[in-house]
Amino acid sequence: MICGTSTGGLIAIMLGRLEMSIDDCISAYVTLSNRILTKQRPRMSIKGKVQARFDTAGLQRGIKEIITQTVLDENALLKSENGRCKVVVCAVSRESRDVVHFTSYRSRGSSNLFENTKIWEAARATSAASSFFNPISIGIYSEEFVDGATGAIITLYENYGKKQRSSGLECLLRVSSASCQLEREFHLWSLLDQNSWKLRKP
């Protein structure tokens, strides 16, 4: 299982759901971040409204391009019950402030989200950092989501780390780009038997 939130959630989707190689994932992420994060917009629009710092529509287009480059349709669903790797990405409901887990496999979460969430929607939700990008509405109820940040990943570990032995889960990876240069390395944290290891790509 690969899990993540915000940037880590986007990378988790690329590695686990799109089954991209690490090198292809790094290349795609760096290209996307260079396109989206290099030009900031004013916090206030001409009409005096608060707006996201970066181009939300551009982020969405970039994510869809990554999906189609893997030979999947841009509107392919996140769910993949026969997939080789389970994926969990976190976001927060803007209305309730509850942490929501978007999964590629059937779980105890919302069946509506599981059956209907597209890959790009989950990627947008988990990467919708407050003030950086606009929230996204997903599902038949048009629920708005923003990224989960640190609190969401802690909740994820609490939920899945405690259950890993009873559920037969052998390995839980958290993928993060924090404190590293993606051009050179990935940091993967693996939880096995209550211990953790850092695996580094040379």
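To be clear, the structure that these remarks concern was listed above.
Residues numbered from 1 in each chain as written. Predicted model: local features only at pLDDT ≥ 70, side-chain atom pairs only at ≥ 80, totals over all residues. Heavy atoms only, no water.

Asker: Report on the environment of R84, specifying residues and quantitative values.
Answerer: Its place among the elements puts R84 in the loop between α3 (56-69) and β2 (87-93). Residues R84 and E19 lie 65 residues apart in sequence; the distance between their C-alpha atoms is 8.7 Å. Within polar-contact distance, the side chain of R84 engages the side chain of E19 at 2.9 Å. (Helix = DSSP H or I, 4+ residues; strand = E, 2+ residues; numbered from the N terminus. Polar contact = N/O pair within 3.5 Å; in protein donor to acceptor, adjacent residues only side chain to side chain.)

Asker: Can you explain the nonpolar core? Please cite residues and give values.
Answerer: Within soluble globular proteins, side chains that are nonpolar tend to cluster in buried spots. Residues I13, M14, L18, I63, F102 and F145 are the most contacted members of the largest nonpolar core, which totals 36 residues. Elements supplying a minimum of two residues to this core: α1 (7-17), α2 (22-36), α3, β2, β3 (99-103), α5 (119-126) and β4 (136-138). For this core, the element with the most residues is α1, which contributes six residues. Residues contacting L18, with those up to four places away along its chain left out, are I13, I66, I67, T70, L72 and I119. (Core = buried A, V, L, I, M, F, W, Y, C linked by side-chain atoms within 4.5 Å. Buried < 20%, exposed > 50% of the residue type's maximum accessible area, 1.4 Å probe, protein only. Contact = heavy atoms within 4.5 Å.)

Asker: Describe the pairing of strand β5 (residues 143-147), with residues and values.
Answerer: Taken together, the three bridges between β2 and β5 define a ladder with antiparallel strand orientation. Each residue of the ladder has a partner; that of S93, found in β5, is F145. Relative to β5, β4 runs antiparallel, the two being bridged by three bridges. From the neighbouring strand, I138 faces β5, where its bridge partner is E143. (Pairing = 2+ DSSP bridges.)

Asker: Before we move on, could you go through the pattern of salt bridges and cite the residues and values that matter?
Answerer: A pair can form between side chains of opposite charge whenever their charged atoms are brought close. Applying the stated criterion across every chain, the model contains seven salt bridges. The residue R61 makes a salt bridge to D55 at a minimum N-O spacing of 3.7 Å. Given a relative accessible area of 31%, D55 falls into the partly exposed group. Ionic pairing is found between K64 and E74, a salt bridge with its closest N-O pair at 3.8 Å. Within this pair, whereas K64 is found in helix α3, its partner E74 is found in the loop between α3 and β2, the two being separated by 10 residues in sequence. By relative accessible area, which is 18% here, K64 ends up buried. (Salt bridge = Lys/Arg side-chain N within 4 Å of Asp/Glu carboxyl O.)

Asker: Can you explain empty space enclosed by the protein? Please cite residues and give values.
Answerer: The probe, sized like a water molecule, is rolled over the atoms to show the empty space still left. The tally for this structure, following the rule as stated, stands at one cavity of 30 Å³ or more. Contributing to the lining of the largest cavity are L10, I13, M14, L18, I63, I66, I67, I119 and A123. Those elements giving two or more residues to the lining of the largest cavity turn out to be α1, α3 and α5. Taken together, the residues that form the lining of the largest cavity break down as nine nonpolar, no polar and no charged. (1 Å grid on protein atoms, 1.4 Å probe; cavity = no way out; pocket = protein on both sides within 12 Å on 5 of 7 lines; lining within 4 Å. Points joined across faces, edges and corners; volume = space filled by probe spheres on them. Nonpolar A, V, L, I, M, F, W, Y, C, P; charged D, E, K, R; others polar.)

Asker: For the pairing of β3, give the residues involved together with the corresponding values.
Answerer: Side-chain positions along a regular strand alternate between the two faces of the sheet. Relative to β3, β2 runs antiparallel, the two sharing five bridges. Each residue of the ladder has a partner; that of V92, found in β3, is V99. The antiparallel hairpin formed by β2 and β3 contains five residues in its connecting segment, where R97 sits at a positive phi of about 65 degrees.

Asker: Hey, could you go over the packing of aromatic side chains for me, with residue numbers and the actual values?
Answerer: In total, this model carries three aromatic pairs according to the counting rule given. Ring centres 6.0 Å apart and planes at 40 degrees place the aromatic pair F54 and F133 in the tilted group. Of this pair, F54 sits in the loop between α2 and α3 while F133 sits in the loop between α5 and β4; the two residues are 79 residues apart in sequence, bridging distant segments of the chain. Exposure remark for F54: the relative accessible area of 4% places this residue in the buried category. F133 sits in the buried class, given a relative accessible area of 9%. Judged by centre distance (5.1 Å) and plane angle (75 degrees), the ring pair of F102 and F145 falls under edge-to-face. Within this pair, whereas F102 is found in strand β3, its partner F145 is found in strand β5, the two being separated by 43 residues in sequence. Take F102 and F145: they sit in the same class, and that class is buried. (Phe/Tyr/Trp six-rings, centres within 6.5 Å; stacked < 30°, edge-to-face > 60°.)

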